[in-house]
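Descriptive analysis of the structure
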Amino acid sequence: MRALALIVLLAGCATQNSGGLFSVYRDTDAPIASKAVFEPARYLGQWYEVARYPVPFEAGCVGVTAEYGLRADGLLSVLNICRNPDGREKSRIAGTAEIVGPGRLKVRFPSVPFVAADYWVLWTDESYRTAVVGAPDGRSGWILNRDPVIPPDRLQAARDVLEFNGYDLSRLMEVPQ
């Protein structure tokens, strides 16, 4: 997640299946829908990445967190932190997210110029404790939780949402916190 915008920057590359950098983890012919009733104020705060689809910019990352805040200009601040297995910070990237529709954000990172990545909130539980995020092109997807440990029922619900939106669950990896 720390460099989601990198996905778009490299989107011109072929998928891993044909020799490029990124795999596609969902059937792009399957419909995908963002959360129709999305409350940005409830999405703010810190999230723990409990599962993700492999992407090169998160290779070796554990203990990944994402924090969202509200800026004076109406954009959301984004701070993603990746840690090494020993718990030390490996990298961080800060950017902004613009809400472009219900549950649909465009994320930009200044270190990746001229790029805005689609970041769709596909689902949250009623209390905004767990979220599923993906991209229509299927090259990324995450399960986020407010706590480092996700209860089994919410993990299953999140996996069901990914599957419903065409994602291949066999390629989803849990992220140690």
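Residues numbered from 1 in each chain as written. Predicted model: local features only at pLDDT ≥ 70, side-chain atom pairs only at ≥ 80, totals over all residues. Heavy atoms only, no water.

Looking at the overall build of the protein chain
To keep it simple, the criterion reads: Put simply, DSSP marks the helices as runs of H or I at least four residues long and the strands as runs of E at least two long, and each gets a number from the N terminus on. For every residue, the accessible area (1.4 Å probe, protein chains only) is compared with the maximum for its type, and the residue is labelled buried under 20%, exposed over 50%, or partly exposed between those bounds. Two residues form a contact once any of their heavy atoms are found within 4.5 Å. With residues, only the protein chains shown are counted as cover, and all accessible areas are computed by Shrake-Rupley using a 1.4 Å probe.
Across its full length, the protein chain holds three helices and nine strands. The N-to-C order of helical and strand elements in the protein chain reads α-α-β-β-β-β-β-β-β-β-α-β. Split into buried and exposed, the 177 residues of the protein chain put 51% on the buried side. Within the protein chain, counting contacts between residues at least 6 apart in sequence, those at least 24 apart form 57% of the total. As displayed, the protein chain has an accessible area near 8,200 Å², and 55% of this comes from carbon and sulfur atoms.

Section: the state of the cysteines
Which entries qualify depends on this criterion: Throughout, a disulfide means two cysteine sulfur atoms within 2.5 Å of one another.
All told, the structure shown has one disulfide when counted by the stated rule. Between Cys-61 and Cys-82 runs a disulfide, and the two sulfur atoms are separated by 1.9 Å. Handedness of the Cys-61-Cys-82 disulfide follows from its S-S torsion of about -100°: it is left-handed. Of the two residues, Cys-61 is situated in the loop between strand 1 (45-52) and strand 2 (62-70) and Cys-82 in strand 3 (residues 76-83); the sequence distance between them amounts to 21 residues.

Details of the environment of Gly-103
By secondary structure assignment, the location of Gly-103 is in the loop between strand 4 (89-101) and strand 5 (104-108). Gly-103 gets classed as buried once you look at its relative accessible area, which sits at 0%. Sequence separation between Gly-103 and Ala-36 is 67 residues, and the spatial gap between their C-alpha atoms is 6.4 Å. Once residues within four sequence positions are removed from consideration, Gly-103 is found in contact with Ser-34, Lys-35, Phe-38, Tyr-119, Trp-120 and Val-121.

Brief notes about the packing of aromatic side chains
The description of two aromatic rings rests on the distance between their centres and on the angle between their planes. Quick reminder of the rule: Only centres within 6.5 Å qualify two rings of Phe, Tyr or Trp (six-membered ring in Trp) as a pair; their planes then separate them into stacked at under 30 degrees, edge-to-face at over 60, and tilted for everything else. Two conditions define a charge located above a ring, namely a distance within 6 Å from the ring centre to NZ of Lys or CZ of Arg, and an angle within 35 degrees of the ring normal.
Tallied over the entire structure, the rule returns six aromatic pairs. Taken together, Phe-38, Tyr-43, Trp-47, Tyr-68 and Tyr-119 form an aromatic cluster joined through their ring pairs. The ring of Trp-120 carries Arg-104 above its face, with NZ or CZ at 3.7 Å from the centroid.

Comments concerning the pattern of salt bridges
In plain terms, the rule: What counts as a salt bridge is simple: a side-chain nitrogen of Lys or Arg found within 4 Å of a carboxyl oxygen of Asp or Glu.
What the rule picks out here adds up to nine salt bridges. Across the pair Glu-49 and Arg-52 runs a salt bridge, and its minimum N-O distance is 2.5 Å. A residue is classified by how much of its surface remains accessible, and Glu-49, at 1% relative accessible area, is buried. The buried category is assigned to Arg-52, whose relative accessible area is 3%. The partner of Lys-106 in a salt bridge is Asp-118, with the nearest N and O atoms 2.7 Å apart. In this pair, Lys-106 sits in strand 5 while Asp-118 sits in strand 6 (residues 117-124), placing the two residues 12 residues apart along the sequence. Among the residues examined, Lys-106 registers a relative accessible area of 25% and is labelled partly exposed. Here Asp-118 falls in the partly exposed class, since its relative accessible area comes to 29%.

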